[in-house]
Amino acid sequence: MQYVPALKDACAKVPGLRWQDFVKTDNSCPKLEEDIIREEIQKDATILRLDIEELENDIEVGLFGLPSEINKDFSIIEKDVEEEVSFLEGLVGKLLSGGK
């Protein structure tokens, strides 16, 4: 309200502009009600809970799938070792028999 006299004077200096034509409006932002804030927090908490559940499921799937992957790797390593042992046994056999 402190600027009203200055605005009235400025308005009077502009041709075709009348102070009486202006309408007082309230441009202030309404305060958020506690219910609205609580609702937003609950939405965020629900999204967070769902994200955590999805992450837990991903971890469980990863952990349960891990032993089968390890078994596959061990099978491959075991096969490679058996091939190496067979090769070395053959080599040792040749060396012991005098290379024949």
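Everything below is about the structure shown above.
Residue numbering note: each chain is counted from 1, following its sequence as written. This being a predicted model, a pLDDT of at least 70 is required before a residue's local features are given, and a value of 80 or more before pairs of side-chain atoms are given or counted; all residues contribute to the totals for chains, interfaces and linings. Processing note: side-chain calculations cover all non-hydrogen atoms of the structure and skip hydrogens and water entirely.

What am I meant to see in the packing of aromatic side chains here?
The relative placement of two aromatic rings is captured by the distance of their centres and the angle of their planes. Aromatic rings from Phe, Tyr and Trp, taking only the six-membered ring of Trp, are treated as a pair when their centres fall within 6.5 Å; an angle between ring planes under 30 degrees marks them as stacked, one over 60 as edge-to-face, and anything in between as tilted. Tallying each qualifying case throughout the model produces 1 aromatic pair. For the pair tryptophan 19 and phenylalanine 22, a centre-to-centre distance of 5.7 Å together with 40° between the ring planes defines the contact as tilted. When accessible area is computed with a 1.4 Å probe and restricted to protein chains, residues below 20% of their type maximum are described as buried, those above 50% as exposed, and intermediate ones as partly exposed. Given the relative accessible area of 28%, tryptophan 19 is considered partly exposed. Overall, the relative accessible area of 47% leaves phenylalanine 22 in the partly exposed class.

Got a minute to help me understand the pattern of salt bridges in this structure?
It is possible for side chains of opposite charge to pair when their charged atoms get near one another. Here, a salt bridge means any side-chain nitrogen of Lys or Arg that lies within 4 Å of a carboxyl oxygen of Asp or Glu. Applying the stated criterion across every chain, the model contains 5 salt bridges. Note that arginine 18 and aspartate 21 form a salt bridge whose closest N and O atoms lie 3.4 Å from each other. By relative accessible area, arginine 18 is classed as partly exposed at 48%. A salt bridge links arginine 49 to glutamate 53, with the shortest nitrogen-to-oxygen separation between them at 3.1 Å. In this pair, arginine 49 and glutamate 53 are both assigned in helix α2 (residues 34-96), 4 residues apart and thus about one turn of the helix distant. On the basis of relative accessible area, glutamate 53 is assigned to the partly exposed category, the value being 34%. Taken together, the shared-partner salt bridges in this structure form one network comprising Glu39, Glu40 and Lys43. By definition, any uninterrupted DSSP run of H or I lasting at least four residues is a helix, any uninterrupted run of E lasting at least two residues is a strand, and each is numbered from the N terminus.

Can you walk me through a nonpolar patch on the surface in this structure?
Think of a patch as exposed residues, more than 30% relative accessible area, with no salt bridge, where like charges cluster within 9 Å and nonpolar side chains (Val, Leu, Ile, Met, Phe, Trp, Tyr) cluster within 5 Å. Surface accessibility in these figures is a Shrake-Rupley result with a 1.4 Å probe; residues are shielded only by whichever protein chains are displayed. Together, Leu55, Ile59, Leu63, Leu66, Ile70, Phe74, Ile77, Val81 and Val85 give the surface a local cluster of nonpolar side chains, amounting to about 830 Å² of exposed area. Relative to the assigned elements, valine 81 resides in helix α2.

Looking at this model, I keep getting lost on a negative patch on the surface. Mind explaining?
Lys and Arg are tallied as positive, Asp and Glu as negative. Neither His nor the chain termini are counted. Lysine's charge is taken at NZ, arginine's at CZ, aspartate's at CG and glutamate's at CD. Judged by side-chain charge, Glu78, Asp80, Glu82, Glu83 and Glu84 come together as a negatively charged surface patch. Checked against the element boundaries, glutamate 78 lands in helix α2.

Quick question: what am I supposed to make of the environment of tyrosine 3 here?
Within the fold, tyrosine 3 resides in the segment before α1 (4-12). Among the residues examined, tyrosine 3 registers a relative accessible area of 56% and is labelled exposed. For the pair tyrosine 3 and glutamate 34, spaced 31 residues apart in the sequence, the C-alpha separation amounts to 34 Å.

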